[in-house]
Amino acid sequence: MVDTFLEMEVESKEMADEILHFINSFEIRKGEFECNCYVIEKLDLNTFLIYCDLTDQDGLRTVSDTFSIYRNDLQKAILSKSNKLGFEINKDFLIL
């Protein structure tokens, strides 16, 4: 499921930077980051719930492909995908 999320959402350097800023920001303790299809829900500073949130033409909402992931694992996955695509990530958004 992580790979599907990365394929759909990490399609530009800007999006990768925005997601990394959200997940690594100490100022954002809880909240949601809405991507194109997926929502990243920050449960605490280290734990995230990611799910695909779609609404069909009749207004019916569908939540699917839900998984939880630790911040370091999510950061590594985004960096790996970004490197494959040749993006140079803003290092200010990283926690190493």
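In the block above lies the structure referred to throughout.
Residues numbered from 1 in each chain as written. Predicted model: local features only at pLDDT ≥ 70, side-chain atom pairs only at ≥ 80, totals over all residues. Heavy atoms only, no water.

Novice: I tried to follow the nonpolar core on my own but got confused; where do I start?
Specialist: The nonpolar side chains of soluble globular proteins are, as a tendency, buried together. If you look at the biggest cluster of nonpolar residues, it comprises 26 residues, and the most contacted ones within it are Phe5, Ile19, Ile23, Ile40, Ile50, Leu74 and Ile78. Ranked by residues supplied to this core, first place goes to helix 2 (residues 13-24) with 6 residues. (Core = buried A, V, L, I, M, F, W, Y, C linked by side-chain atoms within 4.5 Å. Buried < 20%, exposed > 50% of the residue type's maximum accessible area, 1.4 Å probe, protein only. Helix = DSSP H or I, 4+ residues; strand = E, 2+ residues; numbered from the N terminus.)

Novice: Would you take a moment to explain unusual backbone geometry for this structure?
Specialist: Glycine aside, the phi torsion of most residues is negative, and most peptide linkages are trans. The backbone of Asp65 shows a phi angle near 50°, a positive value even though the residue is not glycine. With respect to the helices, strands and loops of the structure, Asp65 is situated in strand 4 (residues 61-70).

Novice: Help me understand the sheet that holds strand 1 (residues 31-34) in this model?
Specialist: Whenever strands of a sheet pair, they do so through backbone hydrogen bonds, lying parallel or antiparallel. If you trace the 4 strands from one edge of the open sheet to the other, you get 1-2-3-4, paired in antiparallel fashion. Unpaired on one side and paired on the other, strand 1 and strand 4 mark the two borders of the sheet. On average, each strand axis in the sheet is tilted by 25° relative to the strand beside it, whichever way the strands run. Where helix 1 (residues 2-9) meets the sheet, it contacts strand 2 (38-42), strand 3 (47-55) and strand 4, and its direction lies at approximately 115° from that of strand 2. Helix 3 (residues 71-85) contacts strand 3 and strand 4 of the sheet and is inclined by roughly 105° relative to strand 4. (Pairing = 2+ DSSP bridges. Axes fitted to C-alpha atoms, helices over the stretch in contact; angles between N-to-C directions. Contact = heavy atoms within 4.5 Å.)

Novice: Help me out: how do you make sense of the packing of helix 2 against helix 3 in this one?
Specialist: Each pair of packed helices can be summarised by the angle the axes make with each other and by the distance between the axes. Where helix 2 contacts helix 3, the axes come no closer than 11 Å and their chain directions differ by 165°. Between helix 2 and helix 3, the crossing angle belongs to the class labelled roughly antiparallel. As for the relative orientation of helix 2 and helix 3, their crossing is left-handed in sense. Here Ala16, Ile19, Leu20, Ile23 and Asn24 of helix 2 come into contact with helix 3, specifically with Arg71, Leu74, Gln75, Ile78, Leu79 and Ser82. Residue composition of the contact of helix 2 with helix 3, grouped by class: 7 nonpolar, 3 polar and 1 charged. (Parallel < 35°, antiparallel > 145°, perpendicular 65-115°, else oblique. Left-handed = near helix turned anticlockwise from the far one by under 90°. Nonpolar A, V, L, I, M, F, W, Y, C, P; charged D, E, K, R; others polar.)

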